[in-house]
Amino acid sequence: MKPLDRILETAKAAPRRIVLAEGEDPRIVEGAVRATREGLAEIILVGSRTAVEARLAEAGAEPGTIRIEDPSASALAPRLAGAYHALRAGKGVDATAAAAALRSPLVFAAMMVREGEADGTVGGAVATTADTVRAALQTIGRAPGVSLVSSFFLMMLCAPHHVKK
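In this text the structure is predicted, and so the values were computed from the model without any measurement.

Conventions we followed
Residues numbered from 1 in each chain as written. Predicted model: local features only at pLDDT ≥ 70, side-chain atom pairs only at ≥ 80, totals over all residues. Heavy atoms only, no water. Helix = DSSP H or I, 4+ residues; strand = E, 2+ residues; numbered from the N terminus. Buried < 20%, exposed > 50% of the residue type's maximum accessible area, 1.4 Å probe, protein only. Lys, Arg positive; Asp, Glu negative; His and termini not counted. Salt bridge = Lys/Arg side-chain N within 4 Å of Asp/Glu carboxyl O. Contact = heavy atoms within 4.5 Å. Patch = residues over 30% accessible without salt bridge, like charges linked within 9 Å, V, L, I, M, F, W, Y side chains within 5 Å. Areas by Shrake-Rupley, 256 points an atom, 1.4 Å probe, with all protein chains shown as cover. Pairing = 2+ DSSP bridges. Axes fitted to C-alpha atoms, helices over the stretch in contact; angles between N-to-C directions. Right-handed = clockwise from strand over helix to strand, strands pointing away.

Chemist: An account of the environment of Leu137 is needed here, citing residue identities and associated values.
Modeler: With respect to the helices and strands, the residue Leu137 is situated in helix 7 (residues 129–139). Note on Leu137: relative accessible area 37%, which makes it partly exposed. Residues Leu137 and Ala110, spaced 27 residues apart in sequence, show a C-alpha to C-alpha distance of 8.9 Å.

Chemist: Can you break down the side chain of Asp70 residue by residue, with the values?
Modeler: The residue Asp70 is located in the loop between strand 3 (67–69) and helix 4 (77–88) in this model. An unpaired buried charge is present at Asp70: no salt bridge exists, and Arg49, the closest side chain of opposite charge, is 5.8 Å distant. In this structure Asp70 touches Gly47, Ser48 and Arg49, once residues within four positions along its chain are discounted.

Chemist: Please provide a residue-by-residue account of a nonpolar patch on the surface, values included.
Modeler: Side chains of Leu4, Ile7, Phe152 and Leu154 sit close together on the surface and give an oily, nonpolar patch of about 420 Å² of accessible area. Mapped onto the fold, Leu4 is located in helix 1 (residues 3–13). Residue classification places Leu4 among the partly exposed residues on the basis of a relative accessible area of 32%.

Chemist: I'd like to hear about the sheet that holds strand 1 (residues 16–20), residue by residue, with values.
Modeler: Here we have four strands laid out as an open sheet, ordered 3-2-1-4, and parallel in their pairing. Here the strands that pair on one side only, and so sit at the sheet edges, are strand 3 and strand 4 (120–122). Within this sheet the neighbouring strands show an average axis-to-axis angle of 30°, counted without direction. Summarising the sheet, strand 1 and strand 2 (residues 41–46) pair through five bridges and their orientation is parallel.

Chemist: Account for the pairing of strand 2, with residues named and values stated.
Modeler: Counting buried positions along strand 2 yields five of six residues, so the element is predominantly enclosed. With helix 2 (residues 26–37) bridging strand 1 and its parallel neighbour strand 2, the resulting β-α-β unit is right-handed. Relative to strand 3, strand 2 is paired through three bridges, and the arrangement is parallel. The residue bridging Val46 from the neighbouring strand is Glu69, located in strand 3. Regarding topology, helix 3 (residues 49–58) serves as the crossover connection from strand 2 to the parallel strand 3, and that connection is right-handed.

Take it as geometry only, folks, not as evidence of what the structure does.
This is the structure:
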């Protein structure tokens, strides 16, 4: 069994709620539709509802099968902004700045994880690695006892047209 197959089987056995911060990107939407169809996760896309719905329609998704959270209109926004304000007040973030920060899809997605609305978040297809990691560190934080943070890219070159080495 290939490493990616093991990862996928594990995901199917216990699907989690995964929020994708870059929900307006066609590649992200395509992956969300596939992950949903294959039962890998309960996907939540973050972005403008109008833009995400259009992308989902283009990808052939059935309406209503993938949850959409629009940071500018979400019912979660006031609670998440309040939690962000409480979290970052010591760094000089006031209520107005907290509400503004929550309009960032990366921050919104990370706060969903922090507040138990999702089990994990994935980003970095559109945003830089630095922005993605910064949003996670400032909201979710590090696990107790962890002092080093890193990121990685997983590239599986298993298709028949890939050169074997």
